[in-house]
Amino acid sequence: MPVYSVIVCPKCRKCAQLIEQKGAKTTKCQRCGTTLQTRKLRIFHTTDVLEDAIAVRTKLQASILERGYDTMPDRASFSTFDSDPTEEGINLKFQTSNHKPAHNSRKKDAAKTILSILEKAPDEMKIDELHDHALKQDLDEEIIERTLEKLLQKGDIYSPRKGYVRIVP
C-alpha cells in the first residue's frame, strides 16, 4: 500500500505537493522544476489514505498563498496538525511568536552582506575584522560562520593566508 507525504519545495516555498514514498531518492517541484532529494525534505504530513493527503495538501497550499512567500513557516516554527486529518476542519498551527520574517531575510542576505563588506576592502581582510563589520549589520555569529564556510566552498572567496579572506577576482 502506498504512503503519501505532503511536502513544500524548499527552494521556491510556494508549492505544497504530494509525493509517494516508495524509495525514490529524488522528486521534482511541480512549480519551479527543482530536483529535490527526498531524504532532505521537510515532511508536513504522512498517510496511506490519498484523500487525507489531498486535504492536508490543500489546506497547506491555501495557507502558503494566504501568508505569502516571506512568511511561509520554517522548520522551527511549524508544528503539527491540531486535529486528525480525516476530520472536516483541519487546522494548521503556526507559532507566530517564534516566527521572525526579518530574521529569515537576514539569513538570505548574509552572503550578499559579507560579499559587499569584502568588496569595500582594498585587499584581503582579517576574518575578525569581517566579523565585526557583519555584526554591526545585525548578522548572528553562527550565521556569519556558516556563510563564510559556504562562500569558501563555493569559491566566491578564498583565504590567501591564515586568518584572512578575500573575494575571488
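Before reading on, note that the structure itself is shown above.
About the cut-offs
Residues numbered from 1 in each chain as written. Predicted model: local features only at pLDDT ≥ 70, side-chain atom pairs only at ≥ 80, totals over all residues. Heavy atoms only, no water. Pairing = 2+ DSSP bridges. Helix = DSSP H or I, 4+ residues; strand = E, 2+ residues; numbered from the N terminus. Axes fitted to C-alpha atoms, helices over the stretch in contact; angles between N-to-C directions. Buried < 20%, exposed > 50% of the residue type's maximum accessible area, 1.4 Å probe, protein only. Arc of directions from axis to C-beta. Patch = residues over 30% accessible without salt bridge, like charges linked within 9 Å, V, L, I, M, F, W, Y side chains within 5 Å. Areas by Shrake-Rupley, 256 points an atom, 1.4 Å probe, with all protein chains shown as cover. Salt bridge = Lys/Arg side-chain N within 4 Å of Asp/Glu carboxyl O. Lys, Arg positive; Asp, Glu negative; His and termini not counted. Charge placed at Lys NZ, Arg CZ, Asp CG, Glu CD. Phe/Tyr/Trp six-rings, centres within 6.5 Å; stacked < 30°, edge-to-face > 60°. Lys NZ or Arg CZ within 6 Å of the ring centre and 35° of its normal. Expected span 1.5 Å × (residues − 1).

## Brief notes about the sheet that holds strand β2 (residues 16-20)
What the three strands build is an open sheet, ordered β2-β1-β5; its pairing is antiparallel. Looking at the sheet topology across the chains shown, the edges are occupied by β2 and β5 (43-47). Each strand of the sheet is rotated relative to its neighbour by a mean of 25°, with strand direction disregarded. The sheet contact formed by strand β1 (residues 4-8) and β5 spans four bridges and is antiparallel.

## Structural notes on the sheet that holds strand β9 (residues 157-158)
On the basis of which strands lie adjacent, the open sheet formed by three strands has the order β8-β10-β9 and antiparallel pairing. The sheet is open, and its two edges are formed by β8 (125-126) and β9, each paired on a single side. As paired strands, β8 and strand β10 (residues 164-167) are joined by two bridges and run antiparallel to one another. Note that in β10 the partner of M125 across the bridge is V165.

## A short note on helix α3 (residues 127-136)
All of the buried residues in α3 are L130, H131 and A134. The buried residues of α3 occupy an angular sector of 105° when the element is viewed end-on, so they sit on one face. Facing away from the buried side of α3 by over 90 degrees, the exposed positions are D128 and K136. D138 sits one or two positions beyond α3 and adopts a positive phi of about 65°.

## A few points about a negative patch on the surface
There is a patch of like negative charges on the surface, built from D128, E129, D132, D138, D140, E141, E145 and E149. Mapped by element, the contributors of at least two residues to the negative patch are α3 and α4 (141-154). Inspection of the secondary structure puts D128 in helix α3.

## Some thoughts on the pattern of salt bridges
Within the structure shown, the criterion is met by four salt bridges. For R146, the salt bridge identified is with E142, shortest N-O distance 3.2 Å. Highlighted residues: R146 and E142, both in helix α4, separated by four residues, approximately one helical turn. A relative accessible area of 39% means that R146 is categorised as partly exposed. Across the salt bridge formed by K154 and D156, the nearest N and O atoms sit 3.5 Å from each other.

## Some points on the pairing of β10
Pairing of β9 with β10 involves two bridges; the strand directions are antiparallel. Looking across to β10, one finds that I157 is bridged to I167. Counted along the chain from β9 to the antiparallel partner β10, the turn is five residues long, and its residue G163 has a positive phi close to 90°.

## With respect to the packing of aromatic side chains
One pass over the full model with this rule turns up zero aromatic pairs. Across the ring face of F44, the terminal group of R42 is positioned such that the distance to the ring centre comes to 4.8 Å. A cation over an aromatic ring shows up here: R161 above the ring of Y164, its NZ or CZ 3.9 Å from the ring centre.

## Some points on α4
Taking 1.5 Å of rise per residue, 14 residues should cover 20 Å, and α4 covers 20 Å from first to last C-alpha, within 8% of that figure. All buried positions along α4 are accounted for by I143, I144, T147, L148 and L151. All buried residues of α4 fall inside an arc of 130° around its axis, so they share one side. Residues of α4 that are exposed and point more than 90 degrees away from the buried face comprise E142, K150 and Q153. After α4 finishes, the residue G155 shows a positive phi value of roughly 90°.

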